[in-house]
Amino acid sequence: MIDSYLKKTEDALRKLFDEKRPLYPERLFSAMEYSVFSSGKRVRPYLMLLSADFVDVSSEKILPLAVSLELIHNYSLIHDDLPCMDDDDFRRGKTSCHKAFGEAIALLAGDALLNLAYENLFEAVKTDPDLITAASYLAKCAGAEGMIGGQAMEFSIDAFDETLITELCMKKTGALICAAALCPAFVCADREKFNALGTFASAIGLCFQLKDDLLDENKSEPKSYLGVTGKEHTADMVAKLGKIAFKALEPFENADNLRNLTEFLLNRTK
Ligand code: GRG
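To start, this report covers the structure provided alongside it. (Residues numbered from 1 in each chain as written. Predicted model: local features only at pLDDT ≥ 70, side-chain atom pairs only at ≥ 80, totals over all residues. Heavy atoms only, no water.)

## Here we look at the site of the ligand
Here is step 1 of the chain: Residues in close proximity to the ligand total 18 residues, the closest being Lys-41, Arg-44, His-73, Arg-92 and Asp-212.
Here is step 2 of the chain: With respect to the ligand, the side chain of Lys-41 contributes an N or O atom lying 2.5 Å from an oxygen atom.
Here is step 3 of the chain: Arg-92 is positioned such that a nitrogen or oxygen atom in its side chain is 2.7 Å from an oxygen atom of the ligand.
Here is step 4 of the chain: Contributing elements (two or more residues each) for the shell around the ligand: α4 (59-81), α8 (147-156), α9 (162-187) and α10 (191-215).
Here is step 5 of the chain: Considering each element in turn, the shell around the ligand owes the most residues, 6 residues, to α4.
Here is step 6 of the chain: Of the residues belonging to the shell around the ligand, the class tally is 5 nonpolar, 7 polar and 6 charged. (Near = heavy atom within 4 Å. Polar contact = N/O pair within 3.5 Å; in protein donor to acceptor, adjacent residues only side chain to side chain. Helix = DSSP H or I, 4+ residues; strand = E, 2+ residues; numbered from the N terminus. Nonpolar A, V, L, I, M, F, W, Y, C, P; charged D, E, K, R; others polar.)

## Structural notes on the packing of aromatic side chains
Here is step 1 of the chain: According to the stated counting rule, one finds 7 aromatic pairs in the structure shown.
Here is step 2 of the chain: Plain terms: the ring middles of Phe-54 and Phe-252 are 5.2 Å apart, the flat faces sit at 90 degrees to each other, and that makes the pair edge-to-face. In this pair, Phe-54 sits in helix α3 (residues 43-54) while Phe-252 sits in the loop between α12 (231-249) and α13 (256-267), placing the two residues 198 residues apart along the sequence. Comparing Phe-54 with Phe-252, the two get one shared label, buried.
Here is step 3 of the chain: Members of the aromatic cluster, each reached through a chain of ring pairs, are Phe-17, Tyr-24, Phe-29 and Phe-37.
Here is step 4 of the chain: The ring of Phe-54 is capped by Lys-193, whose NZ or CZ atom sits 4.7 Å from the centre of that ring.
Here is step 5 of the chain: It is Arg-268 that lies over the ring of Phe-208; its NZ or CZ is 4.1 Å from the centre. (Phe/Tyr/Trp six-rings, centres within 6.5 Å; stacked < 30°, edge-to-face > 60°. Buried < 20%, exposed > 50% of the residue type's maximum accessible area, 1.4 Å probe, protein only. Lys NZ or Arg CZ within 6 Å of the ring centre and 35° of its normal.)

## Brief notes about the pattern of salt bridges
Here is step 1 of the chain: Under the criterion given, the structure shown has 20 salt bridges.
Here is step 2 of the chain: With a shortest N-O distance of 2.9 Å, Asp-128 and Lys-61 are connected by a salt bridge. Taken together, the residues Asp-128 in the loop between α6 (103-127) and α7 (132-142) and Lys-61 in helix α4 connect sequence positions 67 residues apart.
Here is step 3 of the chain: Judged by relative accessible area, which is 22%, Lys-61 ranks as partly exposed. (Salt bridge = Lys/Arg side-chain N within 4 Å of Asp/Glu carboxyl O.)

## So, the state of the cysteines
Here is step 1 of the chain: By the definition in use, this model includes 0 disulfides.
Here is step 2 of the chain: We note that Cys-141 lacks a disulfide partner, and the nearest cysteine sulfur, in Cys-178, lies 6.3 Å from it.
Here is step 3 of the chain: Of the residues examined, Cys-141 reaches a relative accessible area of 6% and is grouped as buried. (Disulfide = S-S within 2.5 Å.)

The following block contains the structure:
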């Protein structure tokens, strides 16, 4: 199950890139490919496929959204590493996109990935109008109400308390995790599962960022959850959020894969 969902995502991304290779300027394509195929964990598309399975939506149906979500995630990482943002020289153990290709091409590679994500979404909705609400929700999560809004908070607020830093994390990191878990629930009509996935997604979305803070020893900076609330509190919150996620899934027998993923996220070491 695990391998086949990861392979489906990888194959779909590769197919899309192979189609586009002859159509894009070479250096721009190389920067996009360099970033997307570079040992990312593919957590978001994987979660989306598991969530689809949970609500009895086929992986074939939801795959275009999973691919678009991963493209959006990768664009956000390229832009996040730029000198005007976090100014990081490394990403996933190798030189960040702007260090490898220059700032202008990296900026454009991020823009192009975002545009490709939406092109891919429109193509999917054209052939399968059932996906329209899920596609619209994905756009909302990626935008100023979600991920971009969270990133903007980081650059526009100087002093954070726990409430504000929680909001930032839920938007910046949590929103795309919510998109992953909830998009399939917009396609099916099961209200009970929709509500459960909503609670589950908010909990693991925040948990994902907090765990990231704990894994990154430099994350005691003032604009991180760990920096604002301390290591002990952050670790307690990770445990508490894990419990909330498991409780949301408790009534459902067919949620073992989601439970396993939650376990993986709670115990991950990278
Ligand atoms: C620039 C619009 C814009 C948004 C950037 C997501 C984000 C917003 C910045 C990333 C900052 C960061 C590293 C946050 C920690 C949590 C996180 C999103 C880690 C990266 O996600 P993984 O671990 O990455 O799923 P891989 O490499 O596995 O794909």
